[in-house]
Amino acid sequence: MALINPFSVQAIVLMTLAFSIVSGTPLSNHLAWDRLDKTCLFPKCDEQLNIAFLEQLAKHMNPSVDPCKDFHQYACGHWKTHHQEATMPLHAEKLMVDKFHKIFTDHRDRAELKNDPVYRKLQHYYDVCVHTLEREEDYQLEQYMQAMKALGRLQLTPETHWLKTLRELNEFSNLQLFVYGNVGRSNVSVSKLYISPQSTKAAFNLTQEVYNLLRHHNYTQAPLSELEKRFNTLEADLLHIVDSCTHKMEDSNDEEGCESNIDKTWNELLQHNSSMYWKLLFEDYALQPHHTVGVTKLNSMLEMFQYLDSQQQQTLFLYSLTRFLNYLQELTLNLRSDKDSPAPQVCLRHMQKYFLLSMNHVYQKIYFDAQKRALSQAVIAELFEQIKHQLSLRIEQNDLELQPESLEYFTKKLQMRQLNIGNVPKNVSLNFYEQHMADLNVAPHHNFYHNHLEALRHFQGLAVNLSSTQSILHSFELLTPDMPNIAYNSPFCSQNLIIIPFSYLQAPFYENGLWPALLYGNFANMLGHELTHDYDANNFRFDYGGNYNSQQAYAISQNSQFQRNVRCLEKVPTNFLTERIADIGGSRLALNTFAKSSQYLKENGKIFFLQYAQFFCGGADEKKFATQDPSHDVDSVRLNYTLSQLPEFAEVFECPPGSPMNPSEKCEWW
């Protein structure tokens, strides 16, 4: 008789337990555990890892709920018992923060980090941040004022001019004040500067704290009520200037000066009136004469220049400074924003947003080194090709009966779509990261407020960069620190890239060596979701290069089958149609890739759907969810609606016709 491996026995017991909980049925009636497909894309399956994943599924479930009535509650009903985070992206962030904590504590003396100048700067920033937060109950706005003045900024003299003040403040922020610029992608390979007049939504908030600072630094002795009156008059005048351009456009069709957006070369704009102001305001953007600039309401801005020059410069200085202090007060990532978490967690979340690229750089040294990247890339690339193949089959099938030109247009988009694993540029050396952080002046002897201003200045410098390094800058995505958490911790599309952040390359979403039901259930669905976005109700208008294609936009939008599918998807109301399309289309692609036969689906389908549900587990109600993720329906709605549209789901869970998860009418995309 052969000896029995104790680990194998333990594995069988755990697997059987997991599956019995998952099924909610007696073991005798349930599918035998050993019929699950364990043929991995990875060179070697990790049995213990897969068991851990299955135990997580079982732990989150509430098997007392009927999966045909509310699958979200069935799959995720006990998730809140084990986790405090409101959403899975927040849970993913917590896992990343825990790993970064080890990097900046347990691993700080490792040679690959100790000898890295980028890591040393981050280490200085982290140490000062934690020390400050543990020493002070609250941060003081006064400290920012002192740090700014130590940097030689905010000097109010008789020669002070609004342009100088604005340029100083714009080093650290984009206040959308007076005349401002944003750099954005115009297509896959080109970024451009968009210049606009002061936002009509802009408003000051002269709090007592801010007013006290203005008086303390001898910028004014005027009463608070008088300053408020001056600021209100200023904002009303600026609003009138912007609105008057809108009315002129309506009355006289002044396309050159008042059209919402016109394109000019930088050289053309410099030749226009007040050219010296354009140069002074935007000389940090590395603009070349041939660069295209998008200009909104040119006449309003020229009138605004004249108006601001005629005003009392002290008032403009005080107003600008008030707006800047408001900005510091309202930052989602300052030391006031989270008083309940331990200092290391607050600082690391803060650093992940301001130093995203550099933090990803040090993360991959410890947790995603060259060997793990190579193995992961092989698995993910194979998955990606399989999903792309399924989409190409759907395009060829042409259920929408599109014209050949439209099919070719879609096929080209599919061919050009690429992956970025970890949101880092490919094939760059340590020197690239050193140059990336070269302007950041942080040190252990600086206080946090100096360092934070340096972080703001560093990020703003990256945000306005239109230099010759565009090819590298377009190989990853520079997210702004105020973006919702989901943008940092969930995959997303960026021009022709699908960005997969490191937070998604960990359990419970992905690990090397997963069995197919676990690998395809979540990760393949994610790839399908992001690919489908190229063909949703908005992005189909843009070609493979990110350029708007008016001909195809019109041809496809007028297609009767296209319109029918949209109407079907909108029968259950949603404010996020494009996300619903990506959910439906992505799940269809993943399921078609995964389900080799009806028998295969019968044996593996429950785990596939339960693993898919993990991304949608969370503890947030609709109101709280909207604050964390303003671009999607609440998780329970997304999950239940998507799976209710898949006949295979109803088949696997034996949902009767007409039940909530098996409605008589089902919608699809493609």
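Residues numbered from 1 in each chain as written. Predicted model: local features only at pLDDT ≥ 70, side-chain atom pairs only at ≥ 80, totals over all residues. Heavy atoms only, no water.

A.B. asks: Would you mind going over the overall build of the protein in detail, with residue names and values included?
C.D. replies: A count of helical and extended segments in the protein gives 32 helices and seven strands. Taking 670 residues into account, the globule formula puts the C-alpha radius of gyration at 26 Å, and the protein, at 28 Å, falls close to it. Judged by the C-alpha coordinates and their principal axes, the protein covers about 95 × 60 × 45 Å. A burial count over the protein gives 56% of its 670 residues as buried. Contacts in the protein between residues far apart in sequence, at least 24 positions, make up 75% of those at least 6 positions apart. For the protein, the exposed area adds up to about 29200 Å²; of that, 50% sits on carbon and sulfur atoms. Side chains of the protein give 57 positive and 76 negative charges; the mean places of these two sets differ by 3 Å. (Helix = DSSP H or I, 4+ residues; strand = E, 2+ residues; numbered from the N terminus. Rg over C-alpha atoms; globule rule 2.2 N^0.38 Å. Buried < 20%, exposed > 50% of the residue type's maximum accessible area, 1.4 Å probe, protein only. Contact = heavy atoms within 4.5 Å. Areas by Shrake-Rupley, 256 points an atom, 1.4 Å probe, with all protein chains shown as cover. Lys, Arg positive; Asp, Glu negative; His and termini not counted. Charge placed at Lys NZ, Arg CZ, Asp CG, Glu CD.)

A.B. asks: Explain empty space enclosed by the protein residue by residue, including any values.
C.D. replies: According to the stated counting rule, one finds five cavities of 30 Å³ or more in the structure shown. Volume-wise, the largest cavity comes out at about 160 Å³. If you list the elements that add at least two residues to the lining of the largest cavity, you get helix H5 (88-103), helix H17 (343-354), helix H18 (356-367) and helix H24 (485-489). Residues that form the lining of the largest cavity fall into these classes: 10 nonpolar, six polar and two charged. (1 Å grid on protein atoms, 1.4 Å probe; cavity = no way out; pocket = protein on both sides within 12 Å on 5 of 7 lines; lining within 4 Å. Points joined across faces, edges and corners; volume = space filled by probe spheres on them. Nonpolar A, V, L, I, M, F, W, Y, C, P; charged D, E, K, R; others polar.)

A.B. asks: Account for the state of the cysteines, naming residues and giving values.
C.D. replies: What the rule picks out here adds up to five disulfides. The disulfide that involves Cys 68 links it to Cys 655, with 2.2 Å between the sulfurs. Taking the sign of the torsion about the S-S bond as the criterion, the disulfide between Cys 68 and Cys 655, at about -85°, is left-handed. With Cys 68 in the loop between helix H2 (47-60) and helix H3 (71-76) and Cys 655 in the segment after helix H32 (647-653), the pair connects residues that are 587 residues apart, well separated along the chain. For the pair Cys 68 and Cys 655, a shared accessibility class is recorded, and that class is buried. Here Cys 568 connects covalently by a disulfide to Cys 667, the sulfurs 1.9 Å from one another. Where Cys 568 bonds to Cys 667 through sulfur, the torsion about that S-S bond is close to -85°, and the disulfide is left-handed. Of the two residues, Cys 568 sits in helix H27 (residues 560-569) while Cys 667 sits in the segment after H32, which places them 99 residues apart along the sequence. In this structure, Cys 568 and Cys 667 share a single accessibility class: buried. (Disulfide = S-S within 2.5 Å.)

A.B. asks: Tell me about the sheet that holds strand S3 (residues 262-265), residues and numbers included.
C.D. replies: Here we have four strands laid out as an open sheet, ordered S1-S2-S4-S3, and mixed in their pairing. At either end of the open sheet lies a strand with only one pairing partner, and these are strand S1 (179-185) and S3. Sheet twist, expressed as the mean angle between neighbouring strand axes with direction ignored, is 30°. In the sheet, S1 pairs with strand S2 (residues 191-197) via seven bridges, with the strands oriented antiparallel. Considered in S2, the bridge of Gly 181 is made with Ile 195. Helix-sheet contacts for helix H15 (residues 298-310) involve S1, S2, S3 and strand S4 (292-295), and the interaxial angle to S2 is about 60°. (Pairing = 2+ DSSP bridges. Axes fitted to C-alpha atoms, helices over the stretch in contact; angles between N-to-C directions.)

A.B. asks: Requested: an account of the confidence of the model for the protein, with residues and values cited.
C.D. replies: Should pLDDT be low for a region, the predicted coordinates there are not to be read in detail. Here the protein averages 88 in pLDDT, while 90% of its residues score no lower than 70. Note on residues 1-32: pLDDT under 50 across the span, and 37 contacts to partners over four residues away in sequence or across chains. (pLDDT = per-residue confidence, 0-100.)

A.B. asks: So what's going on with the nonpolar core? Residues and values would help.
C.D. replies: In terms of nonpolar packing, the biggest core is built from 190 residues, with Phe 71, Trp 278 and Phe 523 touching the most fellow members. Ranked by size, the runner-up nonpolar core spans six residues in total, among them Leu 356, Tyr 488, Phe 492 and Ile 499. (Core = buried A, V, L, I, M, F, W, Y, C linked by side-chain atoms within 4.5 Å.)

A.B. asks: Quick rundown of the sheet that holds strand S7 (residues 497-500)? Include the residues and the values.
C.D. replies: Strands in a sheet are paired, the pairing made by backbone hydrogen bonds, and the direction either parallel or antiparallel. Spatial ordering of the open sheet is given by S5-S7-S6, a layout of three strands whose pairing is mixed. Each of the sheet's edge strands pairs with one partner strand only, and the pair in question is strand S5 (418-421) and strand S6 (492-494). Within this sheet the neighbouring strands show an average axis-to-axis angle of 30°, counted without direction. Strand direction decides the pairing type here: S5 and S7, joined by four bridges, are parallel. The partner of Gln 418 across the bridge, within S7, is Leu 497. Across the face of the sheet, helix H25 (residues 516-532) comes into contact with S5, S6 and S7 while running at roughly 145° to S7.

A.B. asks: How would you explain the side chain of Asn 496 if you had to name every residue and give the values?
C.D. replies: Inspection of the secondary structure puts Asn 496 in the loop between S6 and S7. In this structure Asn 496 comes out as buried when scored by relative accessible area, which is 12%.

A.B. asks: Quick one: what's the story with the packing of helix H19 (residues 370-397) against helix H28 (residues 577-594), residue by residue and with numbers?
C.D. replies: In the contact formed by H19 and H28, the axes pass within 9 Å of each other and the chain directions differ by 110°. Overall, the two elements H19 and H28 adopt an arrangement that is roughly perpendicular. Contacts between H19 and H28 involve Gln 386, Ile 387, Gln 390, Leu 391 and Arg 394 from the former and Arg 588, Leu 589, Ala 590, Asn 592 and Thr 593 from the latter. Across the contact of H19 with H28, the residue classes break down as four nonpolar, four polar and two charged. (Parallel < 35°, antiparallel > 145°, perpendicular 65-115°, else oblique.)

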